[in-house]
Amino acid sequence: MEYQYWNKHRETMPREELKRLQVERLTWTVANALKTPFYAERLKKIPVDSIQSLDDLRRLPFTTKHDLREGFPYGFLSIPQDNVVRLHASSGTTGTPTTVYFSREDLGRWSQLVARCIFGTGCTKSDVFQNMISYGLFTGGLGFHAGAEEVGMLVIPSGAGNTTRQFRLMQDFGTTVVHATPSFLLHVESKMQEEAIARDSIRLRKAFAGAEPYSEDTRQRIQDLLHIDVYNSYGLSEMNGPGVAFECQAKQGLHLWEDAYIGEIINPDTLEPVPDGEIGELVLTCLCREANPLLRYRTRDLTAFYCEPCVCGRTHRRLHRIKGRTDDMLIINGVNLFPSQIEEVVMAMPEVANNYSIAIEKEGALDRLTVHIEVHAHIFRDDTRPLNALREKIRKTLQALITINPRVELHESGSLAVSEGKAKRVYDNRPKDV
Ligand code: ADP
Ligand code: ZN
């Protein structure tokens, strides 16, 4: 395969050279961080001049989401507010949203990173790009928008939701590439069936899917149903937004752009680094952000590094697809469960349609897990035997994997709630401890 690079020198530079660049940028970043009220205080007792290598990074304290909330609104700003040209906020999936600030140069560097991701999937300026994700404070909209313009694609800022209008735009302008959450892409496919949109009336060939975890089977499903190529896109507002890590055409993990970020993976309990290749919490330091530097930010996202070089020739290490967040973990009758474990079983089954959700209730002293799953309409017939057999098959497969005996409820395709932004999969209805 011919791989194309947005910035070949940067993307394929020898690792030794890449590490030297990281150290150089790290020293700059630490000095810059000292200009923020938060780090001026936090790093008071740390001899920051001694941070001269990547190993020295470990002498710096972590920064957490809690710190960001403490520092709200301007505690992490390192430049005069006059020089800030934009703010964004996280989606607030796990609590109060946090804000990030950009200088004009920061915006330029961010769009270069996103352009690098987009171009690396084989897109060119001839592509027509429909950005089916929320604009506004969420970074996914404007972030991708700017990166795609940088590549020179025709950008349609359609925003999220409204599938009928999305189809119209695709048909009218010959959209070839879209960006959306994986759950919205599945919804688009269901709607295409429902509205009898002929596949050959649209020219779609690629999608960037991110902002929420999804399994490899979900990717396959979207690819097979829509006949497109799907690339995993990872980012978080604290680190600009999209453009942090992205799949290349080899689709064997997401290249973390190590000239712009230093990635570490730690055990979230001991805070020690995990051995190479093991799963842990991703910690990121941004290396080329002026307005809003962040050192060793604990993302709470669980992943691992692939240690071998990628066939595409890029030297930046790759991350495994994100398994979920440390705080997504559910404890059900004492057993730990990640929603992604359920998705892995459910989305691999051909009878299952495109949506599912998880509910947890308290029944007496026990927790009761119910998995709601949409299945294809033909399974709902007068004869309930196939439905019962399917329910039992799913229940058994889940139980074998998660060691919890779930209740399984099957629903007709299109009947479970769909969110326009990040999918809401878990409804934990247990009374909260006070
Ligand atoms: P919030 O943390 O409030 O959701 P963001 O909008 O900044 O705010 O979302 C970033 C988070 O979204 C990441 O930390 C991660 O948990 C999740 N995320 C983003 N992209 C992916 C992806 N490709 N796979 C899995 N999770 C992702
Ligand atoms: Zn690669």
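Residues numbered from 1 in each chain as written. Chains lettered and ligands numbered in written order. Predicted model: local features only at pLDDT ≥ 70, side-chain atom pairs only at ≥ 80, totals over all residues. Heavy atoms only, no water.

Asker: Looking at this model, I keep getting lost on the site of ligand 1. Mind explaining?
Answerer: Taken together, 20 residues lie around ligand 1, and S91, G92, T93, S233 and D301 are the ones closest in. Separating a nitrogen atom of ligand 1 from a backbone N or O atom of E212 is a distance of 3.3 Å. For ligand 1, the accessible surface in isolation is 560 Å², of which the surrounding protein chains cover 97%. At five residues, strand 7 (residues 229-236) tops the list of elements feeding residues into the shell around ligand 1. Residues belonging to the shell around ligand 1 are distributed by class as follows: six nonpolar, nine polar and five charged. (Near = heavy atom within 4 Å. Polar contact = N/O pair within 3.5 Å; in protein donor to acceptor, adjacent residues only side chain to side chain. Areas by Shrake-Rupley, 256 points an atom, 1.4 Å probe, with all protein chains shown as cover. Helix = DSSP H or I, 4+ residues; strand = E, 2+ residues; numbered from the N terminus. Nonpolar A, V, L, I, M, F, W, Y, C, P; charged D, E, K, R; others polar.)

Asker: Any chance you could explain the packing of helix 8 (residues 182-194) against helix 9 (residues 216-226) here in plain terms?
Answerer: A pair of packed helices is characterised by two quantities: the angle between their axes and the separation of those axes. At a minimum axis distance of 10 Å, the contact between helix 8 and helix 9 shows a crossing angle of 30°. With respect to helix 9, the element helix 8 is oriented roughly parallel. When the axes of helix 8 and helix 9 are compared, the crossing they make is left-handed. Touching P182, L185, L186, E189 and M192 of helix 8 are T218, R221, I222, L225 and L226, all from helix 9. Looking at the contact of helix 8 with helix 9 residue by residue, the class counts come to seven nonpolar, one polar and two charged. (Axes fitted to C-alpha atoms, helices over the stretch in contact; angles between N-to-C directions. Parallel < 35°, antiparallel > 145°, perpendicular 65-115°, else oblique. Left-handed = near helix turned anticlockwise from the far one by under 90°. Contact = heavy atoms within 4.5 Å.)

Asker: How should I be thinking about the pairing of strand 12 (residues 297-303) in this particular structure?
Answerer: Where a strand is regular, its side chains alternate between the two sheet faces. Burial within strand 12 is extensive, with seven of its seven residues counted as buried. Side chains Y297, T299, D301 and T303 project from strand 12 onto one buried face, and the interleaved R298, R300 and L302 project onto a second face that is buried too. Where strand 11 (residues 280-286) lies against strand 12, four bridges are found, and the strand directions are antiparallel. Looking across to strand 12, one finds that G280 is bridged to T303. Across two bridges, the pairing between strand 12 and strand 15 (residues 324-325) is antiparallel. Across the sheet, L302 pairs through a bridge with G324, a residue of strand 15. (Buried < 20%, exposed > 50% of the residue type's maximum accessible area, 1.4 Å probe, protein only. Pairing = 2+ DSSP bridges.)

Asker: Quick question: what am I supposed to make of the coordination of the zinc ion (ligand 2) here?
Answerer: Perfect tetrahedral coordination of a metal by four donors corresponds to 109.5 degrees between them, and perfect octahedral coordination by six donors corresponds to 90 or 180 degrees. In the first shell of the zinc ion (ligand 2), the protein supplies C248 (SG), H255 (NE2), C310 (SG) and C312 (SG), at 2.1 to 2.3 Å from the metal. Around the zinc ion (ligand 2) sit four donor atoms, and with donor-metal-donor angles ranging over 104 to 114° the site reads as tetrahedral. For H255, a relative accessible area of 1% translates into the label buried. Under the relative-accessibility criterion, C312 is labelled buried at 1%. (Donors = N, O, S within 2.8 Å, 3.2 Å for Na, K, Ca; no water. Tetrahedral: all angles 85-135°; square planar, octahedral: opposite > 155°, others 65-115°.)

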